[in-house]
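So you can see what is in the structure, the chains are spelled out below.
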Amino acid sequence: MTALVLDRRQILLGGVAAALAASTRARAHNGTVHVTIENLAFVPAEIEVKVGNTIEWVNKDPIAHTATVNGGWEVMIPPGAAATRVVEASDGVEYYCRFHPNMTGRIVVRA
Amino acid sequence: MKTYKVIGAGLVFLLGATFGAFAEDKPTDPQIAHIAYTAGVIDIDAAKLALSKSKNKAVTGFAQSMVDDHQAVNNQALALVKKLGVTPEDNATSQALVKDADKKRAELAKLNGNAFDRAYVENEIAYHKHVNGALKGLLIPSAQNAELKSFLQTGLKVFQGHEQHAEHVAAAQK
């Protein structure tokens, strides 16, 4: 019932907070950063993580995707499923989907 | 390599002529749905040929993802036309696509080993390039229904990804 007693200012502030959250890079929440894959795009395209965080890709497309680093690691993300990777120090990289290389993403590792 | 390029160029010409048929009359939504579905079936058939002939892991991996992706996209297409109450309508473009693809598949079936692998991948690049050109230049602009248009736009992203994937496989073959 809390929602019913929110005044206009609170609703406006909520809107501003949501807008700010959407405009900044995704950061870990409880140690996990979520990346959604939908319509052949990694959203958000850029994420900020710490060593030991978990990146979870959730594939909402009906086709398989990968998160692939050229000459490095690859995570397979089946259609309608999720896959994870625990962040290592050397994971500040650009990645792409090997099946659809027009899909790209970026990982920034913060100390 | 010259032979493959000539085969590719021949297909390019045929496809240009195929989609050119609509230069004056824009295809209708039922025709567009039929063309898009047919284009997917053609690529699945080519991939099945590759899966039966190739022993190259990059080539069979690519072919398997063509089967999986085009099947998934075509399943979505069927669900969409059912929802929209659109009955896909066979047309001269779909028929020409099938005829060209049958000819191409017969050519590919005669090749083996590396010659097959290279010709298949080169053809996949040429095929996706031209279907993408038709999606961008004709099918998407002609689609009247907003959901069909949006579906084709996502399809274009999938096929553009396939074109790049095929280019990566081709680059690794050199």
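A. Spotlight on the overall build of chain A. Broken down by element type, chain A carries 2 helices and 10 strands. Within chain A, buried positions represent 25% of all 111 residues. Taking as baseline every contact in chain A between residues at least 6 positions apart, the subset at least 24 positions apart corresponds to 42%.

B. How the structure looks around the overall build of chain B. Helix and strand counts for chain B stand at 6 helices and 0 strands. Listed by position from the N terminus, the elements making up chain B come as α-α-α-α-α-α. Residues classed as buried in chain B amount to 39% of the 174 residues present. Pairs at least 24 residues apart make up 81% of the contacts formed inside chain B by residues separated by at least 6 positions.

C. Quick peek at the packing of helix α2 (residues 29–53) of chain B against helix α3 (residues 57–84) of chain B. Residue and element names in this part refer to chain B. Viewed as axis vectors pointing N to C, α2 and α3 meet at an angle of 155°, and their least axial separation amounts to 8 Å. One way to sum up the angle between α2 and α3 is to call them roughly antiparallel. α2 and α3 meet at a crossing whose hand is left-handed. Counted together, Ala 33, Ala 36, Tyr 37, Gly 40, Val 41, Asp 43, Ile 44, Ala 47, Lys 48, Ala 50 and Leu 51 of α2 and Val 59, Thr 60, Ala 63, Gln 64, Met 66, Val 67, His 70, Gln 71, Val 73, Asn 74, Ala 77 and Val 81 of α3 form the full contact between these two elements.

D. Representation of unusual backbone geometry. Residue and element names in this part refer to chain A. Here the bond from Val 43 into Pro 44 is cis, since omega is -5°, no more than 30 degrees from zero. Tracing the sequence through the fold places Pro 44 in the loop between β3 (42–43) and β4 (46–49). Residues other than glycine seldom take positive phi values, yet Asn 39 does so here, at roughly 50°. For Leu 40, which is not glycine, the phi torsion reads 60° and is therefore positive. Looking at Leu 40, the number of C-beta atoms within 10 Å reads 20, which means it is buried.

E. Inspection of the sheet that holds strand β2 (residues 32–37) of chain A at higher detail. All names here are of chain A. The mixed open sheet is built from 4 strands, whose spatial order is β3-β2-β5-β8. In this open sheet, the two strands that pair with only one neighbour each are β3 and β8 (82–86). Pairing of β2 with strand β5 (residues 54–59), which is carried by 6 bridges, proceeds in the parallel orientation. Residue Val 35 lies in a different strand from β5, and its bridge partner there is Trp 57.

F. Up close: the packing of α2 of chain B against helix α6 (residues 146–173) of chain B. Residue and element names in this part refer to chain B. In the contact formed by α2 and α6, the axes pass within 12 Å of each other and the chain directions differ by 25°. Viewed along their axes, α2 and α6 adopt a mutual orientation that is roughly parallel. Considering how the two elements wind past one another, α2 and α6 form a crossing that is left-handed. Residues Asp 29, Ile 32, Ala 33 and Ala 36 of α2 lie in contact with α6, whose contacting residues are Leu 148, Leu 152 and Gly 155. Residues belonging to the contact of α2 with α6 are distributed by class as follows: 5 nonpolar, 1 polar and 1 charged.

G. Summary view of the nonpolar core. If you look at the biggest cluster of nonpolar residues, it comprises 57 residues, and the most contacted ones within it are Val 35 and Ile 55 of chain A together with Ile 32, Ala 36, Val 59, Leu 139 and Leu 152 of chain B. Ranked by the residues each element gives to this core, the list is headed by helix α5 (residues 113–142) of chain B, at 10 residues. In this view, Ala 36 of chain B contacts Ala 77, Leu 139, Leu 152 and Gly 155 of chain B; residues no more than four positions away in its chain are not counted.

H. Inspection of the pairing of β4 of chain A at higher detail. All names here are of chain A. Side chains Ile 47 and Val 49 project from β4 onto a buried face, and the interleaved Glu 46 and Glu 48 project onto a face without burial. Where β4 meets strand β10 (residues 104–109), 4 bridges bridge the pair, whose relative direction is parallel. Across the sheet, residue Glu 46 finds its bridge partner in β10, namely Arg 106.

I. Region of the structure containing the pairing of strand β6 (residues 65–68) of chain A. As paired elements, β6 of chain A and strand β7 (residues 74–77) of chain A share 4 bridges and run antiparallel to each other. Note on β7 of chain A: the bridge partner recorded for Ala 67 of chain A is Val 75 of chain A.

J. The arrangement of the confidence of the model for chain A in detail. Per-residue confidence for chain A gives a mean pLDDT of 84, with 75% of residues at or over 70. Across residues 1–24 of chain A, confidence stays below pLDDT 50; counting only partners more than four residues off in sequence or on other chains, it has 1 contact.

The rules we used
- All residue numbers here refer to positions counted from 1 along the written sequence of the relevant chain.
- Chain letters and ligand numbers both follow the written order, the letters beginning at A and the numbers at 1.
- Confidence filtering applies because this is a predicted model: local features only for residues at pLDDT of at least 70, side-chain atom pairs given and counted only at 80 or more, and all residues used for totals across whole chains, interfaces and linings.
- Helix and strand assignments come from DSSP, with helices taken as H or I runs of at least 4 residues and strands as E runs of at least 2, each series counted from the N terminus.
- Counting other C-beta atoms within 10 Å of each residue's C-beta, where C-beta atoms are placed from the backbone, gives the exposure class: buried for 20 or more, exposed for 12 or fewer, partly exposed between.
- Distance between backbone-placed C-beta atoms decides contact: two residues are in contact if it is within 7 Å.
- To define axes, lines are fitted to C-alpha atoms, for helices over the stretch in contact only, and angles between the resulting N-to-C directions are given on a 0 to 180 degree scale.
- Each angle receives one of four descriptions, namely roughly parallel if under 35 degrees, roughly antiparallel if over 145, roughly perpendicular if within 65 to 115, and oblique otherwise.
- In this scheme the handedness of a crossing depends on how the near helix is turned from the far one: anticlockwise by less than a right angle means left-handed, clockwise means right-handed.
- Any two strands with at least two DSSP-identified bridges between them are counted as paired.
- Each residue is assigned to one class: nonpolar for Ala, Val, Leu, Ile, Met, Phe, Trp, Tyr, Cys and Pro, charged for Asp, Glu, Lys and Arg, and polar for all the others, Gly among them.
- The term nonpolar core refers to a group of buried residues, namely Ala, Val, Leu, Ile, Met, Phe, Trp, Tyr and Cys, whose C-beta atoms join them within 7 Å.
- Predictor confidence is given residue by residue as pLDDT, running from a minimum of 0 to a maximum of 100.

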